[in-house]
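The chain contents come next:
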Amino acid sequence: MKKWNLDGPDGNIKYWHDLRKESRSFFSRQSGGGSVMVWAAFSFNGQVDLAFLDGRQNSPKCIEILENHLMPFAENIGGRNWKYQHENAPTHTSSATKIYLNSRNVTVLKWPPMSPDLNPIENMWGIMSRKVHEDGGQFYSVYALKTAIESAWYNLEPEILQILIMSVEKRVYDVLLKNGMTLNY
């Protein structure tokens, strides 16, 4: 899951700029002006349809997303020959979600919590964020932000997704070599 703000990443409180150029000014709204929460997944062979989330997330909502987005996608791309890697969020690791995934014969990739270096979706969110908020892009409505997110997601090049998937084995190896320390991905 990723939270997207109308005012940009972290409300554009900080940003890098070329010191040889004029600095840019950004507007800031009370509480960031609004946001959108998104769930997505991808594989070597493609990506799911985005799920825009409403309200606070819980296990029943997580299961509904998996049923309506992940399972149809998985059936189209590989049937039973795939593994699911999630973010280890509480809604993903709850007993209800585990029971659901087990009932659907989904193999969940085991990996330590709080280890974003091992999850390629974190890199994909970064790639998308740069597209959605390029040139300091800010949005005046949730609808405009959703449209930009959809455009970035559905226009991702398949090669990017494939490279991210193929990097998992090396990521695990590098984390082991660094005794669990952060990687530079």
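Everything here concerns the structure above.
The structure displayed is predicted, hence computed values, not measured ones.

Cut-offs applied
Residues numbered from 1 in each chain as written. Predicted model: local features only at pLDDT ≥ 70, side-chain atom pairs only at ≥ 80, totals over all residues. Heavy atoms only, no water. Helix = DSSP H or I, 4+ residues; strand = E, 2+ residues; numbered from the N terminus. Pairing = 2+ DSSP bridges. Axes fitted to C-alpha atoms, helices over the stretch in contact; angles between N-to-C directions. Contact = heavy atoms within 4.5 Å.

(A) Here's a closer look at unusual backbone geometry. Even without being glycine, asparagine 88 reaches a positive phi, approximately 60°. Along the polypeptide, asparagine 88 turns up in the loop between strand 6 (83–84) and helix 2 (90–93). Look at asparagine 105: it is not a glycine, yet its phi comes out positive at around 60°. Along the chain, asparagine 105 turns up in the loop between helix 3 (95–103) and strand 7 (107–108).

(B) Quick peek at the sheet that holds strand 2 (residues 35–39). Read across the open sheet, the three strands follow the order 1-2-5; overall the sheet is antiparallel. In this open sheet, the two edge strands, each paired with only one partner strand, are strand 1 (2–5) and strand 5 (51–53). Shown here is a sheet whose adjacent strand axes are inclined to one another by a mean of 35°, direction ignored. As judged from the four bridges shared by strand 1 and strand 2, these two strands associate in the antiparallel manner. When the sheet's bridge partners are listed, lysine 2 is paired in strand 2 with valine 38. Those strands touched by helix 1 (residues 59–77) are strand 2 and strand 5, and its axis lies near 65° from that of strand 2. The sheet strands contacting helix 4 (residues 120–132) are strand 1 and strand 2, and the helix crosses strand 1 at an angle near 15°.

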